[in-house]
Amino acid sequence: MIGLVDCNNFYVSCERVFNPRLEGEAVGVMSNNDGCVVARSQEIKSLGVAMGMPAHQIDPHIRRKCTLLSSNYALYGDMSSRVTDVLSQHTPHVDVYSIDESFLSFEGFEADTLEERCQVMRQQVRRDTGIPVSVGLSTSKTLAKIANHRAKKESMFNGVAMMDPNSNDTRAFLEQLPVNEIWGVAGRSAARLHTLGIENAWQLRTASPKHLRRHFSVVMERLVYELRGENCISLDDMSQPKKQIMVSRSFGRLTTDKTDLREALRAHASRAGEKLRRQNGLAQALMVFVHTNRFRQDLPSYSKRLVIPLPHPTDDSRELIKSAMAGLERVFKKDIWYQKCGIMLMDLCDHDNEQLGLLAEPISDEKRARNEKLMATLDKLNREHGKNTVRLGMPRKQNAWELRCEHRTPRYTTRWEELAVAKT
DNA sequence: TGGGCGTGT
DNA sequence: ACACGCC
């Protein structure tokens, strides 16, 4: 049996833990730069604020009834690991799927004890972290996802729903479930399924896998088996090292200033280096890109990307920065209003069995050890004393790439200076 | 009017 | 490179 634990309205729930006054209010959390609404309380959903809606498009009448917060990823990330910690106490197999979702394997557990166990687990998460979660149980991940939706929507389940893949009840539910509500099926695929006469999940489940493979791909074929209750989506991939690492941000305001781009790319390359070292990898190439705001039709549009092979595989932030700066020289154009820039590390390989290129410059073991120690120290300081305690080069004040986040709450759990204060 | 991945063709 | 998906 597989369980899917999903936190309810996760970012909003995190905010409510530290500000209980938000309970019962219409609350939304916005994406970076206060762009779109990416998390919504039940109350704000009822007001008609859609997922992903640009914040500035919300009707002013509605807007006045809402609390819209900037995202506080330091807080959400920390709360997420607290939730995961509790889950790990209830089964040895937890696959963290996203910041607010985990798949749990209950292999070897008695099936008829699971609903009860999950209730206990759910209540412990609530008690220990303050976060409400729902649990879906079934024999495949796709069905566990569907069960999770039911657990959220139908109050009779009390937050834990188990779906027997072969029950009449399941059949009835799948018959009224539109295909686009299935995990892995969105607008385009749903439209193409419709042309084949497949409108609901039951029709998809009873369709011919071979037929679907012809019209789509193995992904859709697997989905048919998943809907039948056969677990065929592997999630070990989740913990696999990344094949690319990307860091990019929109600017807080548009800029034509090369120094802004230089500083932003330096920060992005450093962050990418951190991620790379954490997965014990080396990069063999780096891509730099810049572009303008495609929504601004009054300004010239410009977009450029450039792949730069690295002289040898590296995880050293200083070398990544050096290549990124060289790239910037080649993609930068004067008098362009840039909206975003970023870098992507590519052709990643494992640190421990590095392939030396034919033309690689040999580096002495001594020098290499020193570089590694420097990076390790940098990472340790930033880990233990907070992000950006030590950085490579200092950005100017009031730079254009600083994120807009006018409504961010304190980082209660990850910054000493921002701890919650109990008033007497 | 976000950011960061993945798979498949 | 592109299409499409997830969260």
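As the structure is a computational prediction, the values presented were derived from the model and not from experiment. (Residues numbered from 1 in each chain as written. Chains lettered and ligands numbered in written order. Predicted model: local features only at pLDDT ≥ 70, side-chain atom pairs only at ≥ 80, totals over all residues. Heavy atoms only, no water.)

S.K.: How should I be thinking about the pattern of salt bridges in this particular structure?
M.R.: Think of it this way: side chains of opposite charge can pair up when their charged atoms draw near. Under the defined criterion, the tally for this structure stands at 21 salt bridges. With its nearest N and O atoms 3.1 Å apart, the salt bridge here joins glutamate 43 to arginine 16. Within this pair, whereas glutamate 43 is found in helix α2 (residues 42–46), its partner arginine 16 is found in helix α1 (residues 10–18), the two being separated by 27 residues in sequence. For glutamate 43, a relative accessible area of 27% translates into the label partly exposed. We classify arginine 16 as buried; its relative accessible area is 12%. Three or more residues joined by partner-sharing salt bridges are found here, namely Asp257, Asp260, Glu263 and Arg396. (Salt bridge = Lys/Arg side-chain N within 4 Å of Asp/Glu carboxyl O. Helix = DSSP H or I, 4+ residues; strand = E, 2+ residues; numbered from the N terminus. Buried < 20%, exposed > 50% of the residue type's maximum accessible area, 1.4 Å probe, protein only.)

S.K.: Please clarify how the sheet that holds strand β2 (residues 26–30) should be interpreted in this entry.
M.R.: Strand pairs in the sheet, formed through backbone hydrogen bonds, run parallel or antiparallel to each other. Taken in spatial order, the 3 strands make up an open sheet running β3-β2-β4, and their pairing is mixed. At either end of the open sheet lies a strand with only one pairing partner, and these are β3 (37–40) and β4 (66–69). Pairs of neighbouring strands in the sheet enclose a mean axial angle of 30 degrees, with direction left out of account. Relative to the sheet, α1 contacts β2, β3 and β4, its axis offset from that of β2 by approximately 115 degrees. (Pairing = 2+ DSSP bridges. Axes fitted to C-alpha atoms, helices over the stretch in contact; angles between N-to-C directions. Contact = heavy atoms within 4.5 Å.)

S.K.: How do you make sense of the protein's contact with DNA strand C when you look at a structure like this?
M.R.: Around DNA strand C, the surrounding shell consists of Tyr97, Ser98, Asp100, Glu101, Lys145, Ile182, Trp183, Gly184, Val185, Ala186, Arg188 and Ser189. In DNA strand C, atoms within 4 Å of the protein come 100% from sugar and phosphate. Residue tryptophan 183 places a side-chain N or O atom 3.0 Å away from a sugar or linking oxygen belonging to DNA strand C. Residue arginine 188 places a side-chain N or O atom 2.5 Å away from a phosphate oxygen belonging to DNA strand C. For the surface near DNA strand C, the secondary-structure elements that each account for two or more residues are β5 (93–98) and α8 (187–195). Here the surface near DNA strand C is built from residues that sort into 5 nonpolar, 3 polar and 4 charged. (Near = heavy atom within 4 Å. Polar contact = N/O pair within 3.5 Å; in protein donor to acceptor, adjacent residues only side chain to side chain. Nonpolar A, V, L, I, M, F, W, Y, C, P; charged D, E, K, R; others polar.)

S.K.: What am I meant to see in the UniProt feature "domain: UmuC" (unreviewed entry) in chain A here?
M.R.: Those places that UniProt annotates as "domain: UmuC" (unreviewed entry) correspond, in this numbering, to residues 2–186. Helix makes up 38% of residues 2–186 and strand 21%, and the two end C-alpha atoms of the span are 23 Å apart. (UniProt positions renumbered as here; feature names shortened; annotations may be inferred.)

S.K.: Explain the protein's contact with DNA strand B to me, please; I cannot follow it from the model alone.
M.R.: What surrounds DNA strand B is a group of 24 residues, the closest being Met246, Ser248, Arg249, Ser250 and Phe295. A distance of 2.4 Å is found between a phosphate oxygen of DNA strand B and a backbone nitrogen or oxygen belonging to methionine 246. Contact distances for DNA strand B include 2.6 Å between a phosphate oxygen and a backbone N or O atom of serine 248. Breaking the surface near DNA strand B down by element, the ones donating at least two residues are α11 (218–227) and β9 (245–255). Ranked by residues supplied to the surface near DNA strand B, first place goes to β9 with 6 residues. Taken together, the residues of the surface near DNA strand B break down into 8 nonpolar, 9 polar and 7 charged.

S.K.: Sorry if this is basic, but what is going on with α11 here?
M.R.: Structural remark: α-helix, 3.6 residues per turn; residues separated by three or four positions point the same way. The complete set of buried residues in α11 reads Met220, Glu221, Leu223, Val224, Glu226 and Leu227. Residues of α11 that are buried in the fold lie against α6 (141–153), α7 (168–175), α8, α9 (201–205) and α10 (209–215). Taken from the residues just after α11, glycine 229 is the one with a positive phi, measuring 105 degrees.

S.K.: Sorry, what's going on with the pairing of β2 here?
M.R.: Moving residue by residue along a regular strand, the side chains alternate between the two faces of the sheet. Of all 5 residues in β2, 5 are buried; the element is thus mostly enclosed. Residues of β2 alternate between two faces, with Ala26, Gly28 and Met30 on one and Val27 and Val29 on the opposite face, all of them buried. In this structure, β2 lies alongside β4, joined through 4 bridges in parallel fashion. Residue alanine 26 lies in a different strand from β4, and its bridge partner there is cysteine 66. Here β2 runs beside β3; their pairing, made up of 3 bridges, is antiparallel. Directly across from glycine 28, in β3, lies its bridge partner arginine 40. Counting the residues in the hairpin turn of β2 and β3 gives 6 residues, including asparagine 33, whose phi is positive at 60 degrees.

S.K.: What is the right way to look at α7 in this model?
M.R.: Of the positions making up α7, those classed as buried are Thr170, Phe173 and Leu174. When α7 is viewed along its axis, its buried side chains cluster within an angular range of 95 degrees and face the same direction. Turning to α7, the residues buried within the fold contact α6, α9 and α11. (Arc of directions from axis to C-beta.)

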